[in-house]
Amino acid sequence: MSVPATHDVPQGTRAPDSARLLSIADLEFAYPDGLVAVRGLDLDLQPGEVVSVVGPSGCGKSTLLSVLSGMKAAKAGRVDWNESLLADTVAERGGERRKPRRRRLSLVFQRDTVLPWKTVEDNVALGLNYVSITKEEREERITSLLRLAKMEDFRGAYPKQLSGGMRRRVALLTGVAPLPHLVLLDEPFAALDEPTRVAVHADLLEIVYRLGLAVILVTHDIAEALTLSDRVVILTNRPARVAKIVETGFGRDRDIRALRETPAFQRMYGETWHELWKQAEIKPADRPTDRGR
Ligand code: ADP
Ligand code: MG
């Protein structure tokens, strides 16, 4: 295992623009009541990169994902997608806009979003509603996704017949089914017990590595963040910006069970924990002063 490097906020030094999937610059978001949840946030992401985001409770992590997904509009700053990498998502023919072949992004939440009245197969198929794909491709896609998550035998099962870990897998598969360039995960495993969570981690990595998807994972679990990521981004208290980035350097052949016992993991855990506490102890700016720059 290579010796991982850690450093403070190396923004803009990692990859040329052309190699990035997403560049976030000086992002700011405020709620209508004036509360500034994000300010001065810079981050870039490369195709296929897995980045975790940790930060004090209420610092603006979920808000950040909402802004990235387009559900909320930024007040200032930029979120630039690399359109040349996304070319296959905007298929147009004869002036007629058609469904894209891949989605730009998918969002998977903490809460159980699996529809109880639909089978596993039909839940996963929901992820394919907005992409252009033939019936045969759809069948093949679902089969290979269920195989990746070791759920072939549950294709016709209903959610109530599944364990919590399996329902989370179904939610993940629904999210990744349209082969999004980016998957945004908001504390997706928070409700699972530790052994179940580690088992789902293994499947998540298998799925995202195999499909080559970039991931931004919001989590409050430092071990989860380190286990799964190429980089762990620690945010400041509200308004959120990047306080520190830990590059794990664990590589793609990481053994996620053995990893936690390694000195490198433990050192990075301590470093992340230290920074997180430091940030949590800094009081969020009071609402009135939140408003000015
Ligand atoms: P996190 O996910 O990091 O715990 P959030 O992004 O959910 O935090 O929230 C960031 C801040 O924005 C918190 O102080 C929260 O209370 C506030 N907030 C969240 N949603 C709203 C809203 N709809 N209106 C006003 N403030 C909000
Ligand atoms: Mg949140």
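Rules behind the numbers
Residues numbered from 1 in each chain as written. Chains lettered and ligands numbered in written order. Predicted model: local features only at pLDDT ≥ 70, side-chain atom pairs only at ≥ 80, totals over all residues. Heavy atoms only, no water. Near = heavy atom within 4 Å. Polar contact = N/O pair within 3.5 Å; in protein donor to acceptor, adjacent residues only side chain to side chain. Areas by Shrake-Rupley, 256 points an atom, 1.4 Å probe, with all protein chains shown as cover. Nonpolar A, V, L, I, M, F, W, Y, C, P; charged D, E, K, R; others polar. Phe/Tyr/Trp six-rings, centres within 6.5 Å; stacked < 30°, edge-to-face > 60°. Helix = DSSP H or I, 4+ residues; strand = E, 2+ residues; numbered from the N terminus. Buried < 20%, exposed > 50% of the residue type's maximum accessible area, 1.4 Å probe, protein only. pLDDT = per-residue confidence, 0-100. Contact = heavy atoms within 4.5 Å. Pairing = 2+ DSSP bridges. Axes fitted to C-alpha atoms, helices over the stretch in contact; angles between N-to-C directions.

Visitor: Run through the site of ligand 1, naming residues and quoting values.
Guide: Around ligand 1, a shell composed of Tyr31, Asp33, Leu35, Ser57, Gly58, Cys59, Gly60, Lys61, Ser62, Thr63 and Arg238 is seen. Interatomic distance of 2.8 Å between a backbone N/O atom of glycine 58 and an oxygen atom of ligand 1. Alone, ligand 1 offers 560 Å² of accessible surface; in the complex the protein occludes 64% of this. Residue composition of the shell around ligand 1, by class: three nonpolar, five polar and three charged.

Visitor: Go over the packing of aromatic side chains, please, and point to the residues and values.
Guide: Summed over the entire model, instances satisfying the criterion amount to four aromatic pairs. With centroids separated by 6.2 Å and ring planes inclined at 20 degrees, the aromatic side chains of phenylalanine 250 and phenylalanine 265 adopt a geometry described as stacked. In this pair, phenylalanine 250 sits in the loop between strand S12 (242–247) and helix H7 (256–259) while phenylalanine 265 sits in helix H8 (residues 263–281), placing the two residues 15 residues apart along the sequence. Taken individually, phenylalanine 250 and phenylalanine 265 each receive the classification buried, so the pair is uniform in this respect. Between tyrosine 269 and tryptophan 273, the aromatic rings sit 6.4 Å apart at their centres with planes inclined by 20 degrees, giving stacked as the arrangement. With tyrosine 269 and tryptophan 273 both in helix H8 and four residues apart, the pair spans about one turn of that helix.

Visitor: Can you explain the confidence of the model for the protein chain? Please cite residues and give values.
Guide: Taken as a whole, the protein chain shows an average pLDDT of 88; of its residues, 87% reach a score of 70 or greater. This stretch, residues 1–12, has a pLDDT under 50; its non-local contacts, to residues over four places away or in other chains, come to 34 contacts.

Visitor: Could you give an account of the sheet that holds strand S5 (residues 76–81), with specific residues and numbers?
Guide: Taken in spatial order, the three strands line up as S3-S2-S5 in an open sheet, and their pairing is antiparallel. Strand pairing shows two members of the sheet lacking a second neighbour, strand S3 (36–45) and S5, which therefore form its edges. The average undirected angle you get between the axes of adjacent strands in this sheet is 15 degrees. Pairing of strand S2 (residues 22–30) with S3, which is carried by seven bridges, proceeds in the antiparallel orientation. Bridge pairing in S3 links phenylalanine 29 to valine 38. Sheet strands in contact with helix H1 (residues 61–69) are S2, S3 and S5, and its direction is about 120 degrees off that of S2.

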